[in-house]
Amino acid sequence: MLEISRRGSRGLRSRERSRTGGKGGALTKKQRKVRAEKRPPIPNIDLILETAGHLAGEKGEKIVRALVVGELTDEDLAKRTNLQVNQVRSILYSLHESRIVTYRREREENSGWYVYYWKVDPERAIDYLRQHRMEVLRRLEERLAEEESKIFFACDKGCTRVPYEEAIGMEFKCPSCGGTLQPHQNTAIINSLRARIEKLRRELA
Ligand SMILES: [Zn+2]
Ligand SMILES: [Zn+2]
(Lines give C-alpha, C1' and ligand atoms only; values in the text may rest on other atoms or scores of the structure.)
(Ligands and ions follow the chains in the order given, each with its own letter.)
Protein backbone atom coordinates (compact mmCIF):
# COMPACT_ATOMS: atom_id res chain seq x y z
CA MET A 1 0.00 0.00 0.00
CA LEU A 2 2.79 2.42 0.91
CA GLU A 3 4.56 1.66 -2.34
CA ILE A 4 1.38 2.41 -4.26
CA SER A 5 0.64 5.73 -2.64
CA ARG A 6 4.22 6.88 -3.04
CA ARG A 7 4.09 6.07 -6.71
CA GLY A 8 0.67 7.58 -6.87
CA SER A 9 2.01 10.90 -5.75
CA ARG A 10 4.74 11.18 -8.31
CA GLY A 11 5.72 8.53 -10.86
CA LEU A 12 2.72 7.69 -12.96
CA ARG A 13 0.73 10.88 -12.82
CA SER A 14 -1.94 11.11 -15.44
CA ARG A 15 -0.69 14.33 -16.87
CA GLU A 16 2.94 15.21 -16.98
CA ARG A 17 4.53 18.08 -18.73
CA SER A 18 6.42 16.91 -21.75
CA ARG A 19 10.13 17.55 -21.44
CA THR A 20 10.90 16.47 -24.94
CA GLY A 21 9.71 18.26 -28.03
CA GLY A 22 8.10 16.63 -31.05
CA LYS A 23 4.56 15.87 -32.00
CA GLY A 24 4.74 12.14 -32.57
CA GLY A 25 1.79 10.06 -31.47
CA ALA A 26 -0.47 12.89 -30.40
CA LEU A 27 -4.17 12.24 -30.91
CA THR A 28 -7.17 14.50 -31.16
CA LYS A 29 -10.17 13.92 -28.91
CA LYS A 30 -12.14 12.53 -31.83
CA GLN A 31 -9.48 9.94 -32.67
CA ARG A 32 -9.38 8.85 -29.05
CA LYS A 33 -13.10 8.22 -28.95
CA VAL A 34 -13.00 6.02 -32.04
CA ARG A 35 -10.23 3.96 -30.57
CA ALA A 36 -12.24 3.32 -27.44
CA GLU A 37 -15.34 2.24 -29.33
CA LYS A 38 -13.60 -0.21 -31.62
CA ARG A 39 -12.23 -2.52 -28.96
CA PRO A 40 -13.33 -6.15 -29.10
CA PRO A 41 -14.94 -7.69 -25.99
CA ILE A 42 -12.57 -8.77 -23.24
CA PRO A 43 -12.27 -12.54 -22.87
CA ASN A 44 -12.90 -14.00 -19.38
CA ILE A 45 -14.25 -10.70 -18.12
CA ASP A 46 -16.02 -12.37 -15.19
CA LEU A 47 -12.80 -13.85 -13.92
CA ILE A 48 -11.05 -10.55 -14.39
CA LEU A 49 -13.74 -8.75 -12.43
CA GLU A 50 -13.36 -11.29 -9.64
CA THR A 51 -9.63 -10.64 -9.61
CA ALA A 52 -10.14 -6.89 -9.52
CA GLY A 53 -12.49 -7.43 -6.60
CA HIS A 54 -9.86 -9.41 -4.73
CA LEU A 55 -7.24 -6.75 -5.34
CA ALA A 56 -9.15 -3.54 -4.94
CA GLY A 57 -12.65 -4.39 -3.69
CA GLU A 58 -15.86 -3.12 -5.20
CA LYS A 59 -14.21 0.01 -6.54
CA GLY A 60 -11.63 -2.06 -8.36
CA GLU A 61 -14.42 -4.05 -9.98
CA LYS A 62 -16.19 -0.84 -10.93
CA ILE A 63 -13.09 0.46 -12.66
CA VAL A 64 -12.48 -2.76 -14.58
CA ARG A 65 -16.15 -2.84 -15.57
CA ALA A 66 -15.80 0.69 -16.94
CA LEU A 67 -12.70 -0.33 -18.89
CA VAL A 68 -14.71 -2.90 -20.82
CA VAL A 69 -15.46 -0.17 -23.40
CA GLY A 70 -11.77 0.24 -24.17
CA GLU A 71 -8.97 2.56 -23.21
CA LEU A 72 -9.85 5.36 -20.83
CA THR A 73 -7.99 8.09 -18.99
CA ASP A 74 -8.18 8.29 -15.22
CA GLU A 75 -10.41 11.33 -15.60
CA ASP A 76 -12.82 9.49 -17.92
CA LEU A 77 -12.83 6.65 -15.41
CA ALA A 78 -13.63 8.98 -12.55
CA LYS A 79 -16.61 10.36 -14.48
CA ARG A 80 -17.89 6.95 -15.44
CA THR A 81 -17.54 5.42 -11.99
CA ASN A 82 -18.40 8.46 -9.85
CA LEU A 83 -15.18 7.96 -7.94
CA GLN A 84 -12.67 10.68 -7.15
CA VAL A 85 -9.78 10.96 -9.59
CA ASN A 86 -7.30 10.32 -6.77
CA GLN A 87 -9.15 7.19 -5.77
CA VAL A 88 -9.22 6.03 -9.37
CA ARG A 89 -5.49 6.57 -9.65
CA SER A 90 -4.60 4.70 -6.51
CA ILE A 91 -6.78 1.77 -7.59
CA LEU A 92 -5.25 1.82 -11.07
CA TYR A 93 -1.76 1.66 -9.56
CA SER A 94 -2.65 -1.32 -7.46
CA LEU A 95 -4.28 -3.06 -10.41
CA HIS A 96 -1.24 -2.17 -12.47
CA GLU A 97 1.09 -3.59 -9.87
CA SER A 98 -0.68 -6.91 -10.22
CA ARG A 99 -0.57 -6.36 -13.96
CA ILE A 100 -4.24 -6.64 -14.67
CA VAL A 101 -4.32 -3.17 -16.22
CA THR A 102 -1.74 -1.53 -18.42
CA TYR A 103 -1.37 1.97 -19.75
CA ARG A 104 -0.06 3.76 -22.77
CA ARG A 105 0.77 7.42 -22.90
CA GLU A 106 0.18 9.93 -25.62
CA ARG A 107 1.16 13.52 -25.93
CA GLU A 108 -1.82 15.86 -26.14
CA GLU A 109 -1.52 17.95 -29.31
CA ASN A 110 -2.03 21.44 -27.96
CA SER A 111 -1.07 21.35 -24.32
CA GLY A 112 2.01 19.15 -24.66
CA TRP A 113 0.86 17.18 -21.61
CA TYR A 114 1.04 13.45 -21.49
CA VAL A 115 -2.24 11.64 -21.18
CA TYR A 116 -2.33 8.08 -19.87
CA TYR A 117 -4.75 5.62 -21.39
CA TRP A 118 -5.60 2.63 -19.26
CA LYS A 119 -6.89 -0.72 -20.38
CA VAL A 120 -7.38 -4.22 -19.09
CA ASP A 121 -4.70 -6.77 -19.88
CA PRO A 122 -6.77 -9.96 -20.00
CA GLU A 123 -3.89 -12.44 -20.30
CA ARG A 124 -2.02 -11.03 -17.37
CA ALA A 125 -5.20 -10.82 -15.34
CA ILE A 126 -5.83 -14.51 -15.92
CA ASP A 127 -2.22 -15.32 -15.00
CA TYR A 128 -2.65 -13.37 -11.81
CA LEU A 129 -5.91 -15.10 -10.99
CA ARG A 130 -4.32 -18.49 -11.58
CA GLN A 131 -1.49 -17.67 -9.20
CA HIS A 132 -3.92 -16.37 -6.63
CA ARG A 133 -5.91 -19.60 -6.83
CA MET A 134 -2.79 -21.71 -6.52
CA GLU A 135 -1.89 -19.79 -3.38
CA VAL A 136 -5.39 -20.32 -1.95
CA LEU A 137 -5.15 -24.02 -2.83
CA ARG A 138 -1.81 -24.34 -1.07
CA ARG A 139 -3.24 -22.76 2.09
CA LEU A 140 -6.33 -24.98 2.04
CA GLU A 141 -4.16 -28.08 1.62
CA GLU A 142 -2.06 -27.07 4.61
CA ARG A 143 -5.19 -26.51 6.64
CA LEU A 144 -6.64 -29.87 5.58
CA ALA A 145 -3.42 -31.66 6.55
CA GLU A 146 -3.63 -30.02 9.97
CA GLU A 147 -7.28 -30.95 10.45
CA GLU A 148 -6.62 -34.54 9.39
CA SER A 149 -3.58 -35.03 11.60
CA LYS A 150 -4.67 -33.38 14.84
CA ILE A 151 -7.34 -33.76 17.47
CA PHE A 152 -9.14 -30.52 18.23
CA PHE A 153 -10.79 -29.26 21.40
CA ALA A 154 -13.47 -26.59 21.58
CA CYS A 155 -15.78 -24.95 24.10
CA ASP A 156 -19.59 -25.13 23.85
CA LYS A 157 -19.96 -21.53 22.76
CA GLY A 158 -17.48 -21.92 19.94
CA CYS A 159 -15.20 -19.06 20.98
CA THR A 160 -12.16 -21.33 21.21
CA ARG A 161 -11.06 -24.21 19.03
CA VAL A 162 -7.47 -25.42 19.41
CA PRO A 163 -5.40 -28.58 18.82
CA TYR A 164 -4.95 -30.98 21.76
CA GLU A 165 -1.44 -29.69 22.61
CA GLU A 166 -2.75 -26.15 23.00
CA ALA A 167 -5.78 -27.31 24.98
CA ILE A 168 -3.40 -28.89 27.51
CA GLY A 169 -1.67 -25.51 27.89
CA MET A 170 -5.08 -23.95 28.61
CA GLU A 171 -5.85 -26.72 31.11
CA PHE A 172 -8.92 -27.45 28.97
CA LYS A 173 -10.53 -24.19 29.98
CA CYS A 174 -11.71 -21.67 27.40
CA PRO A 175 -9.78 -18.39 27.86
CA SER A 176 -12.78 -16.28 26.79
CA CYS A 177 -15.88 -17.91 28.31
CA GLY A 178 -14.29 -20.14 30.95
CA GLY A 179 -16.15 -23.18 29.61
CA THR A 180 -14.59 -26.64 29.40
CA LEU A 181 -12.78 -27.55 26.20
CA GLN A 182 -14.15 -30.82 24.80
CA PRO A 183 -12.98 -32.98 21.90
CA HIS A 184 -14.35 -31.44 18.73
CA GLN A 185 -15.55 -33.49 15.75
CA ASN A 186 -14.00 -31.98 12.62
CA THR A 187 -15.53 -34.23 9.94
CA ALA A 188 -17.67 -31.38 8.60
CA ILE A 189 -14.68 -29.05 8.42
CA ILE A 190 -12.59 -31.71 6.67
CA ASN A 191 -15.37 -32.39 4.17
CA SER A 192 -15.85 -28.73 3.35
CA LEU A 193 -12.08 -28.22 2.96
CA ARG A 194 -11.91 -31.22 0.63
CA ALA A 195 -14.77 -29.87 -1.46
CA ARG A 196 -13.14 -26.47 -1.82
CA ILE A 197 -9.81 -28.08 -2.71
CA GLU A 198 -11.48 -30.27 -5.33
CA LYS A 199 -13.22 -27.28 -6.87
CA LEU A 200 -10.00 -25.26 -7.04
CA ARG A 201 -8.08 -28.18 -8.52
CA ARG A 202 -10.69 -28.51 -11.23
CA GLU A 203 -10.53 -24.79 -11.99
CA LEU A 204 -6.76 -24.94 -12.18
CA ALA A 205 -6.63 -28.08 -14.32
ZN1 LIG B 1 -10.20 -15.99 -4.83
ZN1 LIG C 1 -15.53 -20.35 25.04
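This text gives an overview of the structure that appears in the document.

Analysis parameters
- Residues numbered from 1 in each chain as written.
- Chains lettered and ligands numbered in written order.
- Predicted model: local features only at pLDDT ≥ 70, side-chain atom pairs only at ≥ 80, totals over all residues.
- Heavy atoms only, no water.
- Donors = N, O, S within 2.8 Å, 3.2 Å for Na, K, Ca; no water.
- Tetrahedral: all angles 85-135°; square planar, octahedral: opposite > 155°, others 65-115°.
- Pairing = 2+ DSSP bridges.
- Helix = DSSP H or I, 4+ residues; strand = E, 2+ residues; numbered from the N terminus.
- Axes fitted to C-alpha atoms, helices over the stretch in contact; angles between N-to-C directions.
- Buried < 20%, exposed > 50% of the residue type's maximum accessible area, 1.4 Å probe, protein only.
- Contact = heavy atoms within 4.5 Å.
- 1 Å grid on protein atoms, 1.4 Å probe; cavity = no way out; pocket = protein on both sides within 12 Å on 5 of 7 lines; lining within 4 Å.
- Points joined across faces, edges and corners; volume = space filled by probe spheres on them.
- Nonpolar A, V, L, I, M, F, W, Y, C, P; charged D, E, K, R; others polar.

## A few points about the coordination of the zinc ion (ligand 2)
For step 1, the next point in the chain: The zinc ion (ligand 2) binds to the protein through Cys155 (SG), Cys159 (SG), Cys174 (SG) and Cys177 (SG), with metal-donor distances spanning 2.1 to 2.3 Å.
For step 2, the next point in the chain: Relative to the metal, the four donor atoms surrounding the zinc ion (ligand 2) lie at angles of 102 to 115°, and the coordination shape comes out tetrahedral.
For step 3, the next point in the chain: In the primary sequence, the donor residues of the zinc ion (ligand 2) line up as C-x3-C-x14-C-x2-C.

## Here we look at the sheet that holds strand β5 (residues 161-163)
For step 1, the next point in the chain: On the basis of which strands lie adjacent, the open sheet formed by three strands has the order β5-β4-β6 and antiparallel pairing. The strands lining the two open edges of the sheet, one partner per strand, are β5 and β6 (182-184). Strand-to-strand, the axes of this sheet are offset by a mean angle of 45°, without reference to chain direction.
For step 2, the next point in the chain: Bridge count between strand β4 (residues 152-154) and β6: three bridges; the pairing is antiparallel. Bridge pairing in β6 links Phe153 to Pro183.

## Observations concerning the coordination of the zinc ion (ligand 1)
For step 1, the next point in the chain: Within the protein, His54 (NE2) and His132 (NE2) serve as the donor atoms for the zinc ion (ligand 1), at 2.2 to 2.5 Å. Residue His54 is located in helix α3 (residues 45-66), and its partner His132 is located in helix α6 (residues 122-149); the two are separated by 78 residues in the primary sequence.
For step 2, the next point in the chain: We classify His132 as partly exposed; its relative accessible area is 22%.

## Observations regarding the side chain of Glu147
For step 1, the next point in the chain: Summarising the element assignment, Glu147 is placed in helix α6.
For step 2, the next point in the chain: The exposure class assigned to Glu147 is buried, which follows from its relative accessible area of 2%.
For step 3, the next point in the chain: Residues within four places of Glu147 in sequence aside, it is in contact with Phe152, Arg161, Asn186, Ile189, Ile190 and Leu193.

## Observations regarding the layout of surface pockets
For step 1, the next point in the chain: Empty space within the second largest pocket amounts to approximately 150 Å³.
For step 2, the next point in the chain: If you trace the second largest pocket, you find it lined by Glu50, His54, His132, Arg133, Val136, Leu140, Arg196, Lys199, Leu200 and Glu203.
For step 3, the next point in the chain: When residues of the lining of the second largest pocket are traced back to their parent elements, those giving at least two are α3, α6 and α8 (187-204).
For step 4, the next point in the chain: Looking at the lining of the second largest pocket residue by residue, the classes come out as three nonpolar, two polar and five charged.

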